[in-house]
Amino acid sequence: MFSKRMKLVTVALSAILTAPAMMGAVTYRNSVRILDEGDHAKTILTQSSDPRVILEEAGIELGQYDTIEFVERAERVYHLKIDRAFDVAFDDGGTSRTVEMVEGETVADLLKKAGVTLGADDVITPALTETVTPETQVVLQRITYQTQTVSETIPYETIERHTPLLKDGKTRQLEAGSNGSQTRTSVYKYVNGQYAETVSETVEVTLEPVDEVVLYGNSQATVTTLEVPEDLALDANGNPVSYVRKITGKGTAYSAWDGAKTASGRYAIPGHVAVNPNVIPYGSKLYIKSSDGSFVYGYAVAADTGIALMDGRVTVDLYFDTYLESCLFGAKTMDIYVLE
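Colleague: I would appreciate a short explanation of the sheet that holds strand β13 (residues 194-207) in the present structure.
Modeller: To summarise the sheet geometry, strands pair through backbone hydrogen bonds and adopt either a parallel or an antiparallel arrangement. Taking strand neighbours across the sheet as the criterion, the three strands line up as β9-β12-β13 in an open arrangement whose pairing is antiparallel. Looking along the sheet, the strands with just one partner apiece sit at the ends: β9 (143-154) and β13. For this sheet the average axis-to-axis angle between neighbouring strands, irrespective of direction, equals 15°. Pairing of strand β12 (residues 180-191) with β13 involves 11 bridges; the strand directions are antiparallel. Within the sheet, the bridge partner assigned to Y190 lies in β13 and is Y195.

Structural data, given as structure tokens:
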């Protein structure tokens, strides 16, 4: 009886021990604690030691830039930590977007992920070595320069030369004017395609303008360019108050090329006049005007001579800057005041 009972117990125990195998039971060998950022930690039992498989079994998905840390803490006991990527605001030359980043990455890493290459003059903030956080705002300013070269006209100026050769207010062109030209080169700076400032500007004159010279009638004007002595005083009629002698005679006019010299060695300029040096010695200081008072040559110095002066046909030959002025003068009866 006892033997029969033992046999039954043995069969029952054998049935119990073989039941799991008959039912397809699974024996778990690993315990994995999953730490998912922003979510509660949870532990799962698994036969796998592959973290990717473990996450799939746990129904957890990874983003493109998410990273994991899989560490065995004890025998068959693991910690699986997920570091989730976060968005960082990125202003790319005025266009806003976000880039997925993970902890510890820098601005340089962000640009690499964004597929952005910095130009030589581009400005990035924060610095490339700066570590990014979810609060970081990365701004890239695209800097470009444009060089522009334009041709410009330099307008000529009109110079009025007052003269007693014309009636008051009348004009006569003495020299024609012509425009010049210049090249202006400008370098402009643009930030994100928008004009920011003019960096530099240079101007190169390629053709100098030529001023127009116009004679302007003014009966009060004088021709001479010499500096008038301070002690030269004129009376109410425009005649010198003090002089050595007065000579009246025929006055004519002449001109010469630039740089020409007179018989006395002085340069031929308005104010240096031709005389008979036997009558009026070279260097004599003079004041010359027409006898009728309609024309004033002004303060002058005896400096030149000529055949007509030496033979007495002409008393004084007045020098003018241009041939036109000498023609406008013609010939007049002149009073020559010898001051000294």
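Don't stop here, the text continues.
Colleague: Any chance you could explain the side chain of T322 here in plain terms?
Modeller: Mapping T322 onto the fold places it in the loop between β19 (316-319) and α5 (323-329). Setting aside chain neighbours within four positions, we find T322 in contact with R161, L174, E175 and S255.

Colleague: Teacher, can you tell me more about the packing of aromatic side chains here?
Modeller: The geometry of an aromatic ring pair is captured by two quantities: the separation of the ring centres and the angle between the planes. The tally for this structure, following the rule as stated, stands at eight aromatic pairs. Residues F70 and Y78 carry aromatic rings whose centres are separated by 4.9 Å and whose planes lie at 5° to one another, so their mutual orientation is stacked. You can call Y78 buried: its relative accessible area is 13%. Among the aromatic side chains, those forming a connected cluster through ring pairs are F295, Y297, F320 and F329. We note K332 situated over the ring of F295; from NZ or CZ to the ring centre the distance is 5.7 Å.

Colleague: Looking at this model, I keep getting lost on the environment of L62. Mind explaining?
Modeller: Relative to the helices and strands, L62 is located in the loop between α2 (51-57) and β3 (67-74). Residues L62 and R161, 99 residues apart in the sequence, show an inter-C-alpha distance of 91 Å. Beyond its immediate stretch of four places on either side in the chain, L62 contacts R52, L55, I68, I82 and R84.

Colleague: Can you help me understand the pairing of strand β17 (residues 285-290) in this one?
Modeller: Side chains on a regular strand alternate between the two faces of the sheet. Within β17, five of the six residues are buried, which leaves the element mostly enclosed by the surrounding structure. Bridge count for β17 against strand β18 (residues 296-304) is five bridges, and the pairing is antiparallel. Paired with K289 across the bridge in β18 is V296. Where β17 folds back on β18, the antiparallel hairpin that results is connected by five residues, among which G293 adopts a positive phi of roughly 80°. Across five bridges, the pairing between β17 and strand β20 (residues 332-338) is antiparallel.

What counts and what doesn't
- Residues numbered from 1 in each chain as written.
- Predicted model: local features only at pLDDT ≥ 70, side-chain atom pairs only at ≥ 80, totals over all residues.
- Heavy atoms only, no water.
- Pairing = 2+ DSSP bridges.
- Helix = DSSP H or I, 4+ residues; strand = E, 2+ residues; numbered from the N terminus.
- Axes fitted to C-alpha atoms, helices over the stretch in contact; angles between N-to-C directions.
- Contact = heavy atoms within 4.5 Å.
- Phe/Tyr/Trp six-rings, centres within 6.5 Å; stacked < 30°, edge-to-face > 60°.
- Buried < 20%, exposed > 50% of the residue type's maximum accessible area, 1.4 Å probe, protein only.
- Lys NZ or Arg CZ within 6 Å of the ring centre and 35° of its normal.

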